[in-house]
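For reference, the chains in residue letters:
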Amino acid sequence: MARIQLDLATHLVRLDSETDFAGWRDAARRLATNDIAPEDIAWQVVLEDDFRGDDLPTAKPEARLVVPRDFVERAETVICHCDPERFGLLYRLLWRLRSEPKLLSIASDPDIRRLEAMEKAVGRDIHKMRAFVRFRKIGEGEDDRYVAWFEPEHFIVERNADFFARRYTGMRWTILTPHASADWDGERLAIGPGAGKRDAPAEDDAETLWRTYFENIFNPARLKVKAMQKEMPKKYWRNLPEASLIPDLIAGADKAASAMIARMPSTPAPHHAKVQAKHWPTPAPADANESDGAETIPELRALAKGCHRCPLWRDATQTVFGEGPESADVIFVGEQPGDQEDLAGKPFVGPAGKVFDAILDDAAIDRRKVYVTNAVKHFKFEPRGKRRIHSKPNAGEIQACRWWLDKELDLIEPNLVVALGATAAQSLLGKAVPITKMRGEVVEREDGLRVFLTIHPSFILRIREPEDKEAERERFLDDMRKVKELMAA
Ligand code: URA
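Since this is a predicted model, take the numbers as computed values, not measurements.

Chemist: I'd love a proper account of helix H14 (residues 395-412), names of residues and values included.
Modeler: For H14, with 18 residues, the first-to-last C-alpha span of 25 Å sits near the 26 Å given by 1.5 Å per residue. Maximum bend of H14: about 35°, positioned at Arg 402. Burial within H14 is extensive, with 14 of its 18 residues counted as buried. Capping the start of H14, Asn 394 holds a side-chain oxygen 3.1 Å from the backbone nitrogen of Gly 396, two or three residues further along. Among the residues trailing H14, Glu 413 stands out with phi positive, at a value near 45°.

Chemist: Break down the sheet that holds strand S8 (residues 189-193) for me, citing the residues and quoting the values.
Modeler: Strand order in the open sheet made by the five strands is S4-S5-S6-S7-S8, with mixed pairing throughout. Whereas interior strands pair on both sides, the edge strands pair on one side only; in this sheet they are strand S4 (136-138) and S8. Neighbouring strand axes in the sheet, compared pairwise and without regard to direction, differ in orientation by 20° on average. As defined by bridge partners, S4 adjoins strand S5 (residues 145-149) across three bridges and the pair is classed as antiparallel. Along S5, the bridge assignment pairs Ile 138 with Arg 145.

Chemist: Describe the pairing of strand S7 (residues 180-184), and please don't skip the residues or the numbers.
Modeler: When you tally the buried positions in S7, you get four out of five residues, the bulk of the element. The sheet contact formed by strand S6 (residues 173-176) and S7 spans four bridges and is antiparallel. In the sheet register, Leu 176 faces S7, and the bridge partner there is Ser 181. The pairing of S7 with S8 spans five bridges and is classified as antiparallel. Paired with Asp 183 across the bridge in S8 is Ala 190.

Chemist: Explain the packing of helix H1 (residues 21-33) against helix H3 (residues 86-97) to me, and be specific about the residues and the numbers.
Modeler: Packed helices, taken two at a time, are described by the angle between their axes plus the distance between the axes. In the contact formed by H1 and H3, the axes pass within 11 Å of each other and the chain directions differ by 45°. On the basis of their axis angle, the class for H1 and H3 is oblique. For the pair H1 and H3, the sense of crossing is right-handed. Seen from H1, the contacting residues are Trp 24, Ala 28, Leu 31 and Ala 32; seen from H3, they are Phe 87, Leu 90, Tyr 91, Leu 94 and Trp 95. Of the residues belonging to the contact of H1 with H3, the class tally is nine nonpolar, no polar and no charged.

Chemist: I'd like a description of the pattern of salt bridges, backed by residues and values.
Modeler: Inspection of every chain in the model, using the stated rule, returns 29 salt bridges. Among the salt bridges present, the one from Glu 335 reaches Lys 392, with a minimum N-O distance of 3.5 Å. In this pair, Glu 335 sits in the loop between strand S9 (330-334) and helix H12 (339-344) while Lys 392 sits in the loop between strand S12 (387-390) and H14, placing the two residues 57 residues apart along the sequence. Taken together, the salt bridges that share partners define one network made up of Arg 92, Arg 96, Glu 100, Asp 109 and Asp 111.

Chemist: Account for the nonpolar core, with residues named and values stated.
Modeler: In this structure, Phe 332, Ile 365, Trp 404, Val 418, Met 480 and Val 483 are the most contacted members of the largest nonpolar core, which totals 57 residues. Considering each element in turn, this core owes the most residues, eight residues, to H14. Filtering out sequence-adjacent residues up to four positions away, Ile 365 remains in contact with Phe 332, Leu 360, Val 370, Met 480, Val 483, Lys 484 and Met 487. Ranked by size, the runner-up nonpolar core spans 56 residues in total, among them Phe 21, Leu 89, Ile 112 and Ala 182.

Chemist: Give a detailed account of the environment of Ile 463, specifying residues and quantitative values.
Modeler: With respect to the secondary-structure elements, Ile 463 resides in the loop between helix H17 (457-462) and helix H18 (466-488). Looking at Ile 463, the relative accessible area reads 17%, which means it is buried. In this structure Ile 463 touches Asp 468, Lys 469 and Glu 472, once residues within four positions along its chain are discounted.

Scoring rules and cut-offs
Residues numbered from 1 in each chain as written. Predicted model: local features only at pLDDT ≥ 70, side-chain atom pairs only at ≥ 80, totals over all residues. Heavy atoms only, no water. Helix = DSSP H or I, 4+ residues; strand = E, 2+ residues; numbered from the N terminus. Expected span 1.5 Å × (residues − 1). Bend = angle between axes of the 7 residues up to and from the residue. Buried < 20%, exposed > 50% of the residue type's maximum accessible area, 1.4 Å probe, protein only. Polar contact = N/O pair within 3.5 Å; in protein donor to acceptor, adjacent residues only side chain to side chain. Pairing = 2+ DSSP bridges. Axes fitted to C-alpha atoms, helices over the stretch in contact; angles between N-to-C directions. Parallel < 35°, antiparallel > 145°, perpendicular 65-115°, else oblique. Left-handed = near helix turned anticlockwise from the far one by under 90°. Contact = heavy atoms within 4.5 Å. Nonpolar A, V, L, I, M, F, W, Y, C, P; charged D, E, K, R; others polar. Salt bridge = Lys/Arg side-chain N within 4 Å of Asp/Glu carboxyl O. Core = buried A, V, L, I, M, F, W, Y, C linked by side-chain atoms within 4.5 Å.

So this is what it looks like as structure tokens:
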């Protein structure tokens, strides 16, 4: 229960916490209904245990105090500001609202301007905390938990804690800050006292992952140092694992951007233009981070690292580009990288990849000699606690990524393409096709490219009945044997 006290000798109203909105509201109600004017009192937060009792007059029930809902909501935000004068400002506004009911809409009023500035500052700080908190793992197995150290500017931990509980529901985590800590045990959220940086664990493996992610989303052509520092102010750098990369990335950015620009052609590749005109009358959005000038798969892969053609890059760790020799006769196209591919940066290395590899082996197809890629090159998922659940790419994402697949086809010029599942077929043929009906068929595109249709190997993984699973594996093996024959034809 919040404690409040009015020291009659000093006219000080004491609250027992920096973010005690309930306490402030209770005190403000009592003061206002007893006609104690804002200029007659001062506010103070007393963290020590030296409350001497509750001398505040009780609220006068007969004195009605109507407070606009909007004000209450804004006051709840502003109470998190670190300015000690916020309590007094809020009380003055409450006092004035009694005789100036339109006060909140007078943007030129100095009190309203301060209210707005504080509200914005708290909002920004909340956003920064959501963006820059980095958890470090401690313990293993059943005992694992995640701990983060963060230094917000304002008293925002309580206000932000629900967000983290929703986002990281399946994890047990603690966020430590100088003012307060938030702890989630998987079921219950608890707010505790502040802590020191040394209470948080030191670097772990997850840091490497963050660094890889940051390196991959970093786009030299888009570098604006001032804007970047505004988004990620230097004061947050010391707690971010990826920050150690920033000086080198900035230093190398000019060179990397010039190399990108030098590769840019003045006209699109003819095959690309033809395919675009046929399937997508509207050109793909221009994007300064990519160029049509890649002449080899490694160059194309390097460009795709900074791909922002659709929003999937934001949540994925990195672009997972195709792999295999540029001289390959056949290209296998999957749907999109899964969780493991996203972390490894390589296609088909997770559970579906294992099934795929084993069946290729049985069909005497050497994976090292074929090119394997995906229709969509970023992992799309829904976070569910600690897990990231695969989410199917939509038509817009498939279309946006078709640009890269086309370039891969252009450079490799395969004899045959294998569409593994519906997403790959849709990307390669420019329209949805019924895979179960058409599996095993070869469709010839207008540009003469043969597309072999089959299921995605993850379909086999999802079958529970061992006999059905085995039968489906056999069918997929038959498909791969056909592929083997078609590769040579
Ligand atoms: N599924 C795919 O379609 N591609 C991968 O790379 C992995 C799983």
